[in-house]
Amino acid sequence: MNTSAGPALEVRNVSLSFKGVKAISDLSFQVEHHEICALIGPNGAGKSSLLNILNGVYVPDSGEIVFEGEHFRRMQPLEAARRGIGRGFQNNALFSGMSVLDNVIAGLSRHSRVTLVEEAFRLPRALGQERAFRQRAHDVLQLFDLEKHAETIVGTLPYGVQKKVEIARAIVAKPRLLLLDEPLAGMNSAEKQEVAAVIARLNKELDLTIVLIEHDIGIVLKLAHHVVVLDYGRKLVDGPPETIRDNPDVIAAYLGSEHAEVAA
Amino acid sequence: MSEINLPAAAEPVDSIGLKALGAAAAVGLLLAAPFLASEYWINAIIVPFLILSLAGLGLNLLTGYAGQLSLGAGAFMMVGAYATFSLQLRVPDLPLPLALVVAGLIAGAVGLAFGIPSTRIKGFYLIVSTLAAQFFFEWLFLKFPWFYNGNSSATIALSRGLSFFGLEANGPHGRYYLTLGIVALLTLLSLNLIRGQTGRNWMAIRDMDTAAAVIGVPVFRAKLQAFAVSSFILGIAGALWAFAYLGSASVQSFGLTRSYQILFIIIIGGLGTIRGAYLGAAFVSLLPLALDWLFQHLFSGHVDAGLLQNIQKAIFGILIIWFLIKEPEGLARLLGLRRAQGARRRLFPS
Ligand SMILES: Nc1ncnc2c1ncn2[C@@H]1O[C@H](COP(=O)(O)OP(=O)(O)OP(=O)(O)O)[C@@H](O)[C@H]1O
Ligand SMILES: [Mg+2]
């Protein structure tokens, strides 16, 4: 575990554009080990795009990512997963035709060590792994109170429940860095409190480093150790939660976007 | 099965008893079938039905489970048939079952090669790659006489007939049991794959391939595995089609029409279900008989064979469109064999 030297994650001068339109401009910030870093900002600020860069779904125009001391000009999705970067998506990206349990077990894929032939013939190693995977997935489902849905096809469940499955799938493989994109969206306040508590527990008990995108400022201020505010792809503010609330730039950015939304 | 200890929270006893009884009855029926059905039914209906089911199963792993659309089923069947022929001819010491396995492996390797483009292209465009396989092998096996041992009709047949570790299997019963055994074994192995990590990887790619890669599913490897396993099964199905059903085959036995037929089987039967292949194959095998019977009775024998064929094609066409639009899970869903669920299979993922 190279937890001693340097931050867990460093974003260095990253820029990204889509067909000439800037989504992220020269963005730099650091995420320390074991902290919850909240990424906030108005719609279209580039938050999800940044997570997609960290997962290797998008390739930045310039800049680099430093993850646990290793430098990457671009990530590959599989490489990111192998290095322990877990991800929950903003618009659920679950495997809609599979059961909740199978969705979560799919998240263990990078730990699979059995061959196709072993699986086809149900050889002992394949059976052993299957048993271990199921056990692990059930444990994670329990954490989210999802046991009762284990065998349900995930596409048929309410949105809030799906969001929980999404987080369960992201953490089942014991990531070293967890990226969550609006994990509480679409939940009622009881569900929000419940899931926020689980996120806090994951951070405390498993020492998990978390980057969290969330619009609910109340929850962000309670949960995060560190907040990065984005607006139009630029970093506006970067600091502990206390400094965010009263920052005039932040208020302006949020008010500005709300005015724009009302006007539109 | 009464000596098995039931786990505490298992299904009610009579449900298990009924299932076991049903399974035993099905196995008994399958084993006794040759003695219940006429020789015509075995030769012309049941054996081809089993082989088409196997081919449907092979394609369903690729298209229904892994979401990779293929029009190359005929090509991979062809490779299996020609490989079996070559092996039996040129490696006479290799017993037929092993030759079938090796032929399946060859077909699997070929399928894997033609699956490589799938790692870059998706959906509709993948058809082009699999179609290329179809046309390439039709050309290859006709162009070089070595593949059909230079005989004047350009057909392939096993000169020593069918045998299974010393048991001769040339009669209708022998061919039935040979086919049934292979189909049952490969179905079982496929089920094991589907229920394990391999199947989950395939379905993850089918449902959402970007997310699959991000959460650590080895997309590239799993896609190639799907092509290889699918073609392995199709290859063995092709060999059975050529030698257990037709007796002698040619390139035409595995033309584009065959590829379409196998695809229709899984669309009608149900994409992404194991039983879908069987239901679809049963439908495809029985529809001509049913129509024939119907017309015989309605018009007392005065039916033009050409007309009958055209009606059959029209019915297929309408059904395919209907199933694609209304019921992507096919007969398997309609017959209530699959839990009614919201998730839908799509041939052309967006
Ligand atoms: N795949 C894409 N193709 C083209 N433009 C994109 C793509 N993804 C994002 N963008 C654009 O990049 C900008 C940033 O989008 P992004 O989704 O990262 O914002 P966000 O901060 O996550 O917003 P929200 O709060 O609405 O989720 C937006 O202008 C968006 O339209
Ligand atoms: Mg977003």
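Residues numbered from 1 in each chain as written. Chains lettered and ligands numbered in written order. Predicted model: local features only at pLDDT ≥ 70, side-chain atom pairs only at ≥ 80, totals over all residues. Heavy atoms only, no water.

1. Side note on the overall build of chain B
The helix and strand inventory of chain B stands at 13 helices and four strands. Put simply, chain B has 350 residues, and 52% of those count as buried. For chain B, long-range pairs separated by at least 24 residues make up 74% of all intrachain contacts whose partners lie at least 6 apart in sequence. Per element, the accessible surface of chain B, about 16,000 Å² overall, is 68% carbon and sulfur. (Helix = DSSP H or I, 4+ residues; strand = E, 2+ residues; numbered from the N terminus. Buried < 20%, exposed > 50% of the residue type's maximum accessible area, 1.4 Å probe, protein only. Contact = heavy atoms within 4.5 Å. Areas by Shrake-Rupley, 256 points an atom, 1.4 Å probe, with all protein chains shown as cover.)

2. Some remarks on the coordination of the magnesium ion (ligand 2)
Residue and element names in this part refer to chain A. Every protein donor of the magnesium ion (ligand 2) is accounted for by Ser48 (OG) and Gln90 (OE1), and the metal-donor separations fall at 1.9 to 2.1 Å. Placement of Ser48 in helix H1 (residues 47-54) and of Gln90 in the loop between strand S6 (85-88) and helix H3 (100-106) is noted, with a sequence separation of 42 residues between them. Judged by relative accessible area, which is 27%, Gln90 ranks as partly exposed. (Donors = N, O, S within 2.8 Å, 3.2 Å for Na, K, Ca; no water.)

3. Side note on helix H4 (residues 96-115) of chain B
All names here are of chain B. Relative to the 28 Å expected for 20 residues at 1.5 Å per residue, H4 spans 28 Å between its end C-alpha atoms, a close match to the ideal helical length. Within H4 the residues assigned to the buried category are Leu96, Pro97, Ala99, Leu100, Ala103, Gly104, Ala107, Gly108, Val110, Gly111 and Gly115. Structurally, H4 contributes buried residues whose contacts are with helix H3 (73-90), helix H5 (123-143), strand S2 (163-164), helix H6 (172-195) and helix H9 (219-246). (Expected span 1.5 Å × (residues − 1).)

4. Notes on the sheet that holds strand S9 (residues 226-231) of chain A
All names here are of chain A. Spatially, six strands are ordered S6-S7-S8-S3-S9-S10 in an open sheet, and the strand pairing comes out mixed. A strand with exactly one partner marks an edge of an open sheet, and here the two such strands are S6 and strand S10 (234-239). Each strand axis lies, on average, 15° off the axis of its neighbour in the sheet, ignoring direction. Inspection of the sheet shows strand S7 (residues 177-181) paired to strand S8 (residues 209-213) by five bridges, in the parallel sense. Residue pairing across strands places Leu178 opposite Ile210, the latter belonging to S8. Against the sheet, helix H7 (residues 189-205) touches strand S3 (36-40), S7 and S8, its axis set at about 155° to S8. (Pairing = 2+ DSSP bridges. Axes fitted to C-alpha atoms, helices over the stretch in contact; angles between N-to-C directions.)

5. A closer look at the environment of Leu54(A)
Residue and element names in this part refer to chain A. Structurally, the position occupied by Leu54 is in helix H1. Separated by 13 residues in sequence, Leu54 and Phe67 have C-alpha atoms that sit 9.1 Å apart. Ignoring sequence-local partners within four residues, the contact set of Leu54 consists of Leu9, Val11, Ile65, Met75, Ala80, Ile85 and Leu179.

6. Observations concerning the packing of aromatic side chains
All names here are of chain B. As enumerated under the stated definition, the model contains 15 aromatic pairs over all chains in all. Ring centres of Trp241 and Tyr245 lie 4.6 Å apart, and the angle between their planes is 55°; on these two criteria the pair is classed as tilted. Pair noted here: Trp241 and Tyr245 are both in helix H9, with a separation of four residues, about one helical turn. On the basis of relative accessibility, which here comes to 5%, the residue Trp241 falls in the buried class. Taking the centre distance of 6.4 Å and the plane angle of 80° together, the rings of Phe283 and Phe316 count as edge-to-face. Here Phe283 is found in helix H11 (residues 274-298), whereas its partner Phe316 is found in helix H12 (residues 305-326), with 33 residues between them in sequence. Here Phe283 falls in the partly exposed class, since its relative accessible area comes to 23%. Its relative accessible area of 14% is what places Phe316 among the buried residues. (Phe/Tyr/Trp six-rings, centres within 6.5 Å; stacked < 30°, edge-to-face > 60°.)

7. So, the pattern of salt bridges
Scanning all chains against the criterion turns up 17 salt bridges over all chains. Close ionic contact of Glu194(A) with Lys164(A) constitutes a salt bridge, the shortest N to O distance being 3.1 Å. With Glu194(A) in helix H7 and Lys164(A) in helix H6 (residues 159-171), this residue pair connects regions lying 30 residues apart in the sequence. Judged by relative accessible area, Lys164(A) falls into the buried class, the value being 7%. Between Glu205(A) and Arg201(A) there is a salt bridge, with the nearest N and O atoms lying 3.2 Å from each other. Remark: Arg201(A) and Glu205(A) occur in helix H7; sequence separation between them is four residues, near one turn of the helix. In this structure Arg201(A) comes out as partly exposed when scored by relative accessible area, which is 43%. Three or more residues joined by partner-sharing salt bridges are found here, namely Asp102(A), Glu130(A), Arg134(A) and Arg200(B). (Salt bridge = Lys/Arg side-chain N within 4 Å of Asp/Glu carboxyl O.)

8. A closer look at the confidence of the model for chain B
Chain-level statistics for chain B give a pLDDT mean of 86 and a share of 89% at 70 or above. Both scores are given for the predicted complex: the pTM is 0.89, the ipTM 0.91. (pLDDT = per-residue confidence, 0-100.)

9. Digging into the site of ligand 1
Residue and element names in this part refer to chain A. Contacts to ligand 1 come from 13 residues, most closely from Gly44, Lys47, Ser48, Ser49 and Gln90. Measuring from an oxygen atom of ligand 1, one finds a side-chain N or O atom of Ser48 at 2.7 Å. Between His215 and ligand 1, the recorded distance is 3.2 Å, taken from a side-chain N or O atom to an oxygen atom. For ligand 1, whose accessible area on its own is 630 Å², the fraction buried by protein is 61%. Top contributing element to the shell around ligand 1 by residue count: H1, with three residues. For the shell around ligand 1, the class distribution of residues is four nonpolar, seven polar and two charged. (Near = heavy atom within 4 Å. Polar contact = N/O pair within 3.5 Å; in protein donor to acceptor, adjacent residues only side chain to side chain. Nonpolar A, V, L, I, M, F, W, Y, C, P; charged D, E, K, R; others polar.)

10. Some details on the sheet that holds strand S4 (residues 62-67) of chain A
By definition, the strands of a sheet pair up through backbone hydrogen bonds, in either a parallel or an antiparallel sense. Residues and elements named next belong to chain A. Ordered by their spatial adjacency, four strands build an open sheet running S2-S1-S4-S5, and the pairing between neighbours is antiparallel. Edge strands, defined here as strands with exactly one partner in the open sheet, are strand S2 (21-31) and strand S5 (70-72). Across this sheet, the average inter-strand angle for adjacent strands is 20°, counted without regard to direction. In the sheet, strand S1 (residues 9-18) pairs with S4 via five bridges, with the strands oriented antiparallel. Residue pairing for S4: Arg12 is matched across the bridge by Glu64. Sheet strands touched by H1: S1, S2 and S4. Its angle to S1, the strand with the most contacts, is close to 115°.

11. Examining the interface of chain A and chain B
The interface is formed by 36 residues belonging to chain A together with 30 residues belonging to chain B. Of the roughly 2,700 Å² buried between chain A and chain B on both sides combined, carbon and sulfur atoms contribute 64%. On the chain A side of the interface with chain B, the three residues burying the most area are Phe95(A), Leu116(A) and Glu119(A), jointly 21% of the side's total. In this structure, the connection of chain A to chain B is made through two salt bridges. Note that Asp102(A) is salt-bridged to Arg200(B), the shortest N-O span being 3.4 Å. Our count for the chain A to chain B interface comes out at nine residue pairs in polar contact (both at pLDDT 80 or more). (Buried area = accessible area lost by both parts, 1.4 Å probe.)

12. Remarks on the domain arrangement of chain A
All names here are of chain A. Splitting chain A by domain gives domain 1 (1-84 + 175-264) and domain 2 (96-171). Of note, the centres of domain 1 and domain 2, computed from C-alpha atoms alone, are 27 Å apart. Across the boundary between the two partners, domain 1 contributes 18 residues, which contact eleven residues of domain 2. Buried area between domain 1 and domain 2, summed over both chains or domains, comes out near 1,200 Å², and the portion from carbon and sulfur atoms is 69%. (Domains from an automatic or database assignment.)

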